[in-house]
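# Close look at the chain arrangement
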Amino acid sequence: MEERRRRHPRGRRLAAGAGLNAFDWRVSLADVAADGPFSAFPGVDRVLTVIAGDGLVLEIDGRPAPLAPGAPLAFPGEAVVEARLTTGPIRDLNVMVRRGVWTARVEPWRGNPVPIADGPTLVVLLEDVEDFAQLDVVLIDAGETAALDLPAQTRALSVALRATHPTTC
């Protein structure tokens with residue numbers, strides 16, 4: 001899969017499998033300064049994580065879902081979603097995967113080695129640390145195990161992307 005780095009309409013794209021609608025997986029950043037609707041992406045699963053700011057409340061198909069900083073929230077891309085800021089602007093990490101092709105799991109990185117089985121994992125740094133700048137991304141390819149030589153208290157997220165039907169050699 002070709003990887004690209006380019007500007008996202010609402011923020012900065014970290015990595016992506018293709019264009020806005022023709023992707024298998026996509027990871028992007030968005031700065032949100034106003035309440036408003038989310039775009040619909042039928043057939044896509046999303047995981048949203050607030051990485052800066054005080055939080056956000058998403059109304060997903062009419063049900064409120066508070067989103068605290070650092071707490072990933074998964075929801076279907078075809079859902080009707082309205083966002084409401086709680087106390088001011090936020091920045092979020094948005095992971096989208098084509099349902100039936102990929103799955104995604106986003107969780108705080110805890111300093112442990114990252115074993116990779118059948119898909120790439122991205123570690124997104126949320127602060128400057130050692131030789132890395134805030135929002136640097138470490139890509140760990142399938143089949144590798146990486147032990148990042150960073151302090152265990154480093155603020156980072158692990159984004160594990162898994163093929164639903166991995167190919168075998």
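## Quick notes on the overall build of the chain
For the chain, the count of helices and strands is 0 helices and 16 strands. For the chain, the residues scored as buried account for 46% of the 169 residues in total. Of the contacts made within the chain by residues no fewer than 6 positions apart, 63% connect residues no fewer than 24 positions apart. Accessible surface, the chain as shown: approximately 8700 Å² in total, 51% of it carbon and sulfur.

## Side note on the pattern of salt bridges
Tallied over the full model, the rule gives 4 salt bridges. Residue Glu107 is joined to Arg105 by a salt bridge in which the shortest nitrogen-to-oxygen separation is 3.5 Å. A single network of salt bridges, built from pairs that share partners, joins Asp45, Glu78 and Arg99.

## Points about the packing of aromatic side chains
Enumeration according to the criterion identifies 2 aromatic pairs in this entry. Looking at Arg26, its charged tip hangs above the ring of Phe23, at a distance of 6.0 Å from the centre. Positioned above the aromatic ring of Phe23 is the side chain of Arg98, whose terminal nitrogen or guanidinium carbon lies 4.9 Å from the ring centre.

## Focus on the nonpolar core
As a rule of thumb, soluble globular proteins bury nonpolar side chains together. Ile51, Leu93, Val95, Val159 and Leu161 are the most contacted members of the largest nonpolar core, which totals 18 residues. Those elements that place two or more of their residues in this core are β3 (25-32), β5 (44-52), β10 (90-98), β11 (102-108), β13 (121-125) and β16 (156-163). Every residue in contact with Val159, bar those within four places of it in the chain, is listed here: Val27, Leu93, Val95, Arg105, Val106, Pro120, Thr121, Leu122 and Val124. In terms of nonpolar packing, the next biggest core, distinct from the first, is built from 15 residues, Phe38, Leu56, Leu58 and Ile90 among them.

## Regarding the sheet that holds β13
Sheets are built from strands that pair by backbone hydrogen bonding, the pairs being arranged parallel or antiparallel. The strand order β11-β16-β13-β14 describes an open sheet built from 4 strands, whose pairing is antiparallel. The sheet is open, and its two edges are formed by β11 and β14 (137-140), each paired on a single side. Neighbouring strand axes in the sheet, compared pairwise and without regard to direction, differ in orientation by 15° on average. The pairing of β13 with β16 spans 5 bridges and is antiparallel. Opposite Val123, over in β16, you have Ser158 as the bridge partner.

## Things to note about the pairing of β5
On any regular strand, side chains alternate: one points to one face of the sheet, the next to the other face. In terms of residue burial, β5 counts as a mostly covered element, since 7 of its 9 residues are buried. Looking at chain direction, β5 and β10 are connected through 8 bridges and run antiparallel. Pairing of Val47 across the sheet is with Val95, part of β10. By the bridge criterion, 4 bridges tie β5 to strand β8 (residues 73-76) in an arrangement that is antiparallel. By the bridge assignment for β8, Asp45 is matched with Pro76.

## With respect to the sheet that holds strand β6 (residues 56-60)
Strand order in this open sheet of 4 strands is β4-β9-β6-β7, and the pairing throughout is antiparallel. The sheet terminates laterally at β4 (36-37) and β7 (63-67), the two strands that pair on one side only. In this structure, β6 lies alongside β7, joined through 5 bridges in antiparallel fashion. Bridged to Val57 within β7 is Pro66.

Here is what the cut-offs are and how they apply
Residues numbered from 1 in each chain as written. Predicted model: local features only at pLDDT ≥ 70, side-chain atom pairs only at ≥ 80, totals over all residues. Heavy atoms only, no water. Helix = DSSP H or I, 4+ residues; strand = E, 2+ residues; numbered from the N terminus. Buried < 20%, exposed > 50% of the residue type's maximum accessible area, 1.4 Å probe, protein only. Contact = heavy atoms within 4.5 Å. Areas by Shrake-Rupley, 256 points an atom, 1.4 Å probe, with all protein chains shown as cover. Salt bridge = Lys/Arg side-chain N within 4 Å of Asp/Glu carboxyl O. Phe/Tyr/Trp six-rings, centres within 6.5 Å; stacked < 30°, edge-to-face > 60°. Lys NZ or Arg CZ within 6 Å of the ring centre and 35° of its normal. Core = buried A, V, L, I, M, F, W, Y, C linked by side-chain atoms within 4.5 Å. Pairing = 2+ DSSP bridges. Axes fitted to C-alpha atoms, helices over the stretch in contact; angles between N-to-C directions.

These results come straight from atomic positions and should not be treated as a statement about function.
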